[in-house]
Amino acid sequence: MKAMILSQMCSMQENKKPLKLVTLPDPVPLKKEILVKVSACGVCHTELDEIEGRTPPPVLPIIPGHQVIGRVAKAGGRASKFKIGDRVGIAWIHSSCGICTQCASGNENLCARFRATGRDVNGGYAEYMTVPEDFAHPVPDTFSDMVAAPLMCAGAIGYRSLHLTGIQDGQNLGLTGFGASAHLVLKMVRYQYPATKVFVFARSAEEQQFARELGAAWAGDTETSAPEQLACIIDTTPAWRPVVTALNNLKPGGRLVINAIRKEEADKQALLQLDYPAHLWMEKEIKSVANVSRRDVREFLQLAAEIPIKPEVQEYPLEEANTALVELKERKIRGAKVLRI
Ligand SMILES: [Zn+2]
Ligand SMILES: [Zn+2]
């Protein structure tokens, strides 16, 4: 099969072609696994974190990609959930141990043996991949393969973030950063919490305008104070300064949920401006969101079909994965980037 592999971590400033096109033997499914013929794979910021070493793959080379849509091509000896040809989606969660207290309580995303698709095991930047059948998800018919792919990550993690805020209908919600995940969260909020006002903090005027078009009550720069105090804020930026600003915008008892796999080091000094009375006193909380569970993926796909949520998609052939990654890094974003395979 054809695959794009990462064999060495590097700075994308210096190396604009971190992935190489190679031909590999088709993978063979284990007993409880299925082999999936990949048709679409979304391109995510997390791939940049893997390539640049902020969330390093434990073993190289690796095939990245964790927003995968494809069809079952073969089933392992003890896999019986799907028929050959069934369409499935594969998300960031490739597997977990299934027996620890975290797994038993539904928090499999926090399992010590959580394995991530495209980082800990080979992912979807390839013609084929394998996955335990219990971790493959049926995809609602509403979506084409290309449109379904970006829902597998940005949508599912956005769904989890929103639920971790504990928001109630009518409470003010802030979104700091307005990328793929945040704009899907805005659509979910408009549907699930119609009385909630959403305040969007984004760097560019275009993003702010886009937020208003999607129904944000207010949109402004990441550094500004919101016109009203906010009950919860979701931060999807890679930086620290927006965390300090967000804490200032929270009302007493408010919660900041940080949805970022890693924060960059560049502006860490901003944390020295943390002022206890303004930013943390009055029971303000900070919580991160880690990975996704299968339940997040499945519930989100159902919700997305119901609303419906259909992301704008920009297509690239598999061979041009490097171009898609560079454009993502340079914030040349016109919809979610998806490889057609
Ligand atoms: Zn992702
Ligand atoms: Zn576990």
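In the block above lies the structure referred to throughout.
Residues numbered from 1 in each chain as written. Chains lettered and ligands numbered in written order. Predicted model: local features only at pLDDT ≥ 70, side-chain atom pairs only at ≥ 80, totals over all residues. Heavy atoms only, no water.

Please set out the overall build of the protein residue by residue, giving values where relevant.
Along its length, the protein carries nine helices and 17 strands. Taken over C-alpha atoms, the radius of gyration comes to 20 Å for the protein, in line with the 20 Å a tight globule of 341 residues would show. With the principal axes as the frame, the protein shows a C-alpha extent of 60 × 40 × 40 Å. For the protein, the proportion of its 341 residues judged to be buried stands at 53%. Relative to all contacts within the protein whose residues are 6 or more apart in sequence, the contacts with residues 24 or more apart total 73%. With 41 positive and 38 negative side-chain charges, the protein shows a spacing of 4 Å between the two charge centroids. (Helix = DSSP H or I, 4+ residues; strand = E, 2+ residues; numbered from the N terminus. Rg over C-alpha atoms; globule rule 2.2 N^0.38 Å. Buried < 20%, exposed > 50% of the residue type's maximum accessible area, 1.4 Å probe, protein only. Contact = heavy atoms within 4.5 Å. Lys, Arg positive; Asp, Glu negative; His and termini not counted. Charge placed at Lys NZ, Arg CZ, Asp CG, Glu CD.)

Lay out the layout of surface pockets in plain terms, naming residues and giving numbers.
Considered as a void within the structure, the second largest pocket measures approximately 230 Å³ in volume. Surrounding the second largest pocket, Ser105, Gly106, Asn107, Tyr159, Arg160, His163, Leu164, Ser293, Arg295, Asp296 and Glu299 form its lining. Looking at the lining of the second largest pocket, the elements with two or more residues in it are helix 3 (145-165) and helix 8 (294-306). Considering each element in turn, the lining of the second largest pocket owes the most residues, four residues, to helix 3. (1 Å grid on protein atoms, 1.4 Å probe; cavity = no way out; pocket = protein on both sides within 12 Å on 5 of 7 lines; lining within 4 Å. Points joined across faces, edges and corners; volume = space filled by probe spheres on them.)

Kindly report on helix 8, identifying the contributing residues and their values.
Compared with an ideal rise of 1.5 Å per residue, which puts 13 residues at 18 Å, helix 8 spans 19 Å between its outermost C-alpha atoms and is within 8% of the ideal. Of the residues making up helix 8, those classed as buried are Asp296, Val297, Phe300, Leu301, Leu303 and Ala304. For helix 8, the buried positions fall inside an angular range of 170° around the axis, keeping them on one side. Opposite the packed face of helix 8, turned more than 90 degrees from it, sit the exposed residues Arg295, Gln302 and Glu306. (Expected span 1.5 Å × (residues − 1). Arc of directions from axis to C-beta.)

If you had to explain the coordination of the zinc ion (ligand 1) to someone new, which residues and values would you point to?
Looking at the zinc ion (ligand 1), one finds its protein donor set to be Cys44 (SG), His66 (NE2) and Cys153 (SG), positioned 2.0 to 2.2 Å from the metal centre. Counting along the primary sequence, the residues that act as donors to the zinc ion (ligand 1) give the motif C-x21-H-x86-C. Of this pair, Cys44 sits in the loop between strand 3 (33-42) and helix 1 (45-51) while Cys153 sits in helix 3, placing them 109 residues apart in sequence. The exposure class assigned to Cys153 is buried, which follows from its relative accessible area of 12%. (Donors = N, O, S within 2.8 Å, 3.2 Å for Na, K, Ca; no water.)

For a nonpolar patch on the surface, give the residues involved together with the corresponding values.
On the surface, Tyr276, Trp281 and Met282 cluster together into a nonpolar patch covering about 370 Å² of accessible area. Structurally, Tyr276 can be placed in helix 7 (residues 276-280). (Patch = residues over 30% accessible without salt bridge, like charges linked within 9 Å, V, L, I, M, F, W, Y side chains within 5 Å. Areas by Shrake-Rupley, 256 points an atom, 1.4 Å probe, with all protein chains shown as cover. Salt bridge = Lys/Arg side-chain N within 4 Å of Asp/Glu carboxyl O.)

Could you give an account of the nonpolar core, naming the residues involved and the relevant values?
Ile34, Tyr125, Leu162, Leu173, Leu175, Met188 and Val200 are the most contacted members of the largest nonpolar core, which has 91 residues in total. Sorting elements by how many residues they give to this core places helix 3 first, with twelve residues. The next biggest cluster of nonpolar side chains, apart from the first, holds twelve residues, and it includes Val243, Leu247, Leu250 and Leu256. (Core = buried A, V, L, I, M, F, W, Y, C linked by side-chain atoms within 4.5 Å.)

Nothing here speaks to function; it is all geometry.
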